[in-house]
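Summary of structural features
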There are 2 protein chains.
Amino acid sequence: MNRVINDPDQVTEDSLQGVVRAHPDLLVATDHPRVLRRPSSGEAPRVGIVTGGGSGHEPAFLGYVGPGLVDAVAVGEVFASPTAKSFHAAFREADQGQGVACLYGNYAGDNMNVKMAVKLAAKDDVTVKTVVANDDVASATPDEADKRRGVAGEIIMWKAGGARAAEGASLDEVIASAQKAIDNTRSIGIGLSACTIPANGKPNFTIDNGTMEVGIGHHGEHGIAVLPVAPAKEMAGIMLEKILADLPFGGEDVSVLISGLGATPLMELYLLYGHVDEMLRAHNITPRHRFVGNYFTSLEMMGVSVTLTRVDGELDRLLRAPARSIGLSVFPA
Amino acid sequence: MNRVINDPDQVTEDSLQGVVRAHPDLLVATDHPRVLRRPSSGEAPRVGIVTGGGSGHEPAFLGYVGPGLVDAVAVGEVFASPTAKSFHAAFREADQGQGVACLYGNYAGDNMNVKMAVKLAAKDDVTVKTVVANDDVASATPDEADKRRGVAGEIIMWKAGGARAAEGASLDEVIASAQKAIDNTRSIGIGLSACTIPANGKPNFTIDNGTMEVGIGHHGEHGIAVLPVAPAKEMAGIMLEKILADLPFGGEDVSVLISGLGATPLMELYLLYGHVDEMLRAHNITPRHRFVGNYFTSLEMMGVSVTLTRVDGELDRLLRAPARSIGLSVFPA
């Protein structure tokens, strides 16, 4: 295993040490070893934004802590949910007396631990409301959309919720905007290789050379079809067909987010973006916001995901609002 | 070969189509199919900045076109120099009547083509001066430093030169600042896996599992030692020892840039950063500027590079200046 690590069981711990050394302006350690937060600022109190999830998806989740985005993050081990205690501590760190919006992804462990943490926070008189991202169209049918996993669409949810909180909105308003963002977002991924959790030392799933797994999850969960590797243009067509069937468009503009899953070269992400852009315009859909890069990864997995969001006036404003973080920065206009 | 491409011989062409569709605010096509430039702005004329190099290193080189950085870029095929004609066209696109600074890396093809292009530009009455990056300490001994390759230190050179041009400095002043930046910069990489040029279909070099190549070049050029894969902390020690022996520090602060070579997970880059930061401070060297990410890659190669720059008052000012691009953004203070 050719990796840049020390003890394979300590990669999360060791990595966090580097993060806080690299970005003291964005992220500082807290009393809880698995919770990072924005440094204190002189800003007026507002709704706090929390997220959390397993490590190995960097820049998700900690890479979205920063002005206009997330206030505190609970960090799990590689591909594992943070504990309830971590989420609870993140709520305390983010709370400024105006309540906390916990915006996270739909996985069994996260659901259970967030639920417990919300109860613990209530005893501290910290009000926490939640939005659960379920943007992965490949993970369940439309009539079971509440079973779908959260993937790269979470970035759009964090951006919308974070921008709304920065505007000084109430907790209910922040929750409504984050929920609207994810309700109007759909994602799908294609996996081209497996990845190895350092503590395991070998992949716990396989993708044969010459094949691609359409609809793969961020931890190697099975998708909806294993096919021979197709040209990029066909990949774009397969992914858009699935998304557009699920979220009919009626003249709205969209946000397009293409994320690499880890090892796919950036030039290939742009290559794919070109086809997605061209196909959307052929459907009279205009890509108004465009994000191409490694936004939500799965260690060194090869592959890509495409995320589309229907953008109304409110979401357009929230996506344009300034933000700064490891994973996403939007300059002031 | 599980990649997101169409015709393997068309990946550069296809990728550029996506880049200009994704970022019309940063990069636009020109009459020359292998040259991209910043869109015209209403700014006062100033020195133009040009770079160029092979594809497959994204975000280098095109990803550093933007305000406060590069004005026009010549794009080569994967791992191949742009043509003289491309560099020449990039000079024309960047020229605003104040001359052009061509800031590029020390490779035989680039040297030859830039030289020819400078002569062609002279016939157009476009003055071009050059700085050739040679920051890779592993590629030649100190007394043959002019034979060293340019690697991720080029980003620091572009940032310094671009910021100086944005200040309205003369061509000679821009060249002097870019030269100072690279003269005070040293890099070294460690390769952990090979990579595959799509048109070749298989790697043209090998790194055995369980081994690492210290001092590997950005195209798989041989380094200075093949060793068993070491813990990240030892990797940091090996790289810093080589750099610090080459560029003695006398109380200056430094800029530290850790770049992944493509497939190494971001969490591992941060893990490495933590050790580099700790070791520098133990040497009484303070990391004043910190960059961690995939800044200069080699397709899907696993591995990392470390780049240190001795930062004086001028370089500190130039590194802090606002900039916006795919690869590097610095917010206005």
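None of the values given here were measured: they were computed from a predicted structure.

Criteria and cut-off values
Residues numbered from 1 in each chain as written. Chains lettered and ligands numbered in written order. Predicted model: local features only at pLDDT ≥ 70, side-chain atom pairs only at ≥ 80, totals over all residues. Heavy atoms only, no water. Pairing = 2+ DSSP bridges. Helix = DSSP H or I, 4+ residues; strand = E, 2+ residues; numbered from the N terminus. Contact = heavy atoms within 4.5 Å. Axes fitted to C-alpha atoms, helices over the stretch in contact; angles between N-to-C directions. Least-squares fit on C-alpha atoms with pLDDT ≥ 70 in both. Phe/Tyr/Trp six-rings, centres within 6.5 Å; stacked < 30°, edge-to-face > 60°. Buried < 20%, exposed > 50% of the residue type's maximum accessible area, 1.4 Å probe, protein only. Lys NZ or Arg CZ within 6 Å of the ring centre and 35° of its normal. UniProt positions renumbered as here; feature names shortened; annotations may be inferred. Polar contact = N/O pair within 3.5 Å; in protein donor to acceptor, adjacent residues only side chain to side chain. Buried area = accessible area lost by both parts, 1.4 Å probe. Salt bridge = Lys/Arg side-chain N within 4 Å of Asp/Glu carboxyl O. 1 Å grid on protein atoms, 1.4 Å probe; cavity = no way out; pocket = protein on both sides within 12 Å on 5 of 7 lines; lining within 4 Å. Points joined across faces, edges and corners; volume = space filled by probe spheres on them. Nonpolar A, V, L, I, M, F, W, Y, C, P; charged D, E, K, R; others polar.

1. Focus on the sheet that holds strand S6 (residues 128-133) of chain A
Residue and element names in this part refer to chain A. Pairing within the open sheet is mixed, and its six strands lie in the order S1-S2-S4-S3-S5-S6. With partners counted over all chains shown, the strands left at the sheet margins are strand S1 (28-29) and S6, one partner each. Pairing geometry for S1 and strand S2 (residues 35-37), over two bridges, is antiparallel. From the neighbouring strand, Ala-29 faces S2, where its bridge partner is Leu-36. Contacts from helix H1 (residues 11-22) reach S1, S2, strand S3 (48-55) and strand S4 (72-78) within the one sheet, and its direction differs from that of S4 by about 145 degrees.

2. Re the relation of the copies chain A and chain B
Note on the identical chains: chain A maps onto chain B by a rotation of 180 degrees and an axial translation of 0.0 Å, with an RMSD of 0.0 Å. On this basis, the relationship between the two copies can be described by a two-fold rotation axis. Rotation axis and chain A: the residue whose C-alpha lies nearest the axis is Ala-263 of chain A, separated from it by 2.0 Å. A high fraction, 100%, of the interface residues of chain A reappear at the interface in chain B, so the copies pair face to face through one surface.

3. Quick look at the packing of aromatic side chains
This structure, assessed with the given rule, holds twelve aromatic pairs over all chains. Where Phe-61 of chain A meets Trp-158 of chain A, the ring centres are 5.7 Å apart and the plane angle is 65 degrees; that geometry is what we call edge-to-face. One end of the pair, Phe-61 of chain A, is in the loop between S3 and S4; the other, Trp-158 of chain A, is in helix H4 (residues 153-166), with 97 residues separating them in the sequence. Across the pair, Trp-158 of chain A and Phe-61 of chain A agree in class, each one buried. Relative to Tyr-295 of chain A, the ring of Phe-291 of chain A lies with its centre 6.2 Å away and its plane at 85 degrees, an arrangement referred to as edge-to-face. These aromatic residues form a ring-pair network of at least three members: Phe-61, Tyr-64, Trp-158 and Phe-296 of chain A. Over the face of the ring belonging to Phe-331 of chain B we find Arg-324 of chain A, whose NZ or CZ atom lies 5.9 Å from the ring centre.

4. A closer look at the UniProt feature "domain: DhaK" (unreviewed entry) in chain A
UniProt records the feature "domain: DhaK" (unreviewed entry) at residues 7-333 of chain A, using the numbering of this structure. Each end of residues 7-333 of chain A is marked by a C-alpha atom, and these two atoms are 45 Å apart; helix forms 32% of the span and strand 22%.

5. Comments concerning the side chain of Thr-185 of chain B
All names here are of chain B. Along the polypeptide, Thr-185 turns up in strand S7 (residues 185-191). The class for Thr-185 is buried, based on a relative accessible area of 0%. Within the structure, Thr-185 has its side chain in polar contact with the backbone oxygen of Ala-181 (distance 2.6 Å).

6. Quick notes on the interface of chain A and chain B
On the chain B side, the residues contacting the 63 residues of chain A number 63 residues. A buried area of about 4900 Å², summed over both sides, lies between chain A and chain B, and 63% of it is on carbon and sulfur atoms. For the interface between chain A and chain B, the tally reads four salt bridges. Residues Asp-277 of chain A and Arg-21 of chain B are paired through a salt bridge, measuring 2.6 Å at the closest nitrogen-oxygen approach. Summed over the shared surface of chain A and chain B, the number is 26 residue pairs in polar contact (both at pLDDT 80 or more).

7. Things to note about empty space enclosed by the protein
All names here are of chain B. Throughout the structure, instances matching the rule amount to five cavities of 30 Å³ or more. Looking at the largest cavity, its volume works out to about 50 Å³. Lining the largest cavity, in full, are Asp-136, Val-151, Ile-188, Gly-189, Ile-216, His-218, Leu-261 and Ser-305. In terms of residue class, the lining of the largest cavity is built from four nonpolar, three polar and one charged.

8. Some thoughts on the layout of surface pockets
By volume, the second largest pocket is sized at about 700 Å³. The residue makeup of the lining of the second largest pocket, split by class, is 16 nonpolar, eight polar and four charged.

9. Focus on the sheet that holds strand S4 (residues 72-78) of chain B
Residue and element names in this part refer to chain B. Reading across from one edge, S1-S2-S4-S3-S5-S6 is the order of the six strands in this open sheet, with mixed pairing throughout. One side of each edge strand has no neighbouring strand; the edge strands of this open sheet are strand S1 (28-29) and strand S6 (128-133). Here strand S2 (residues 35-37) runs beside S4; their pairing, made up of three bridges, is antiparallel. Following the sheet pairing, Arg-37 is matched in S4 by Ala-72. Running over the sheet, helix H1 (residues 11-22) touches S1, S2, strand S3 (48-55) and S4 and is turned about 145 degrees from S4.

10. Side note on the environment of Pro-265 of chain A
Among the secondary structure elements, Pro-265 of chain A is positioned in the loop between strand S10 (253-260) and helix H7 (266-282). Exposure remark for Pro-265 of chain A: the relative accessible area of 5% places this residue in the buried category. For Pro-265 of chain A and Gly-303 of chain A, which are 38 residues apart along the polypeptide, the C-alpha to C-alpha distance reads 9.4 Å. The residues touching Pro-265 of chain A, leaving out its near neighbours within four places in the chain, are Met-302 of chain A together with Arg-3, Leu-299 and Glu-300 of chain B.

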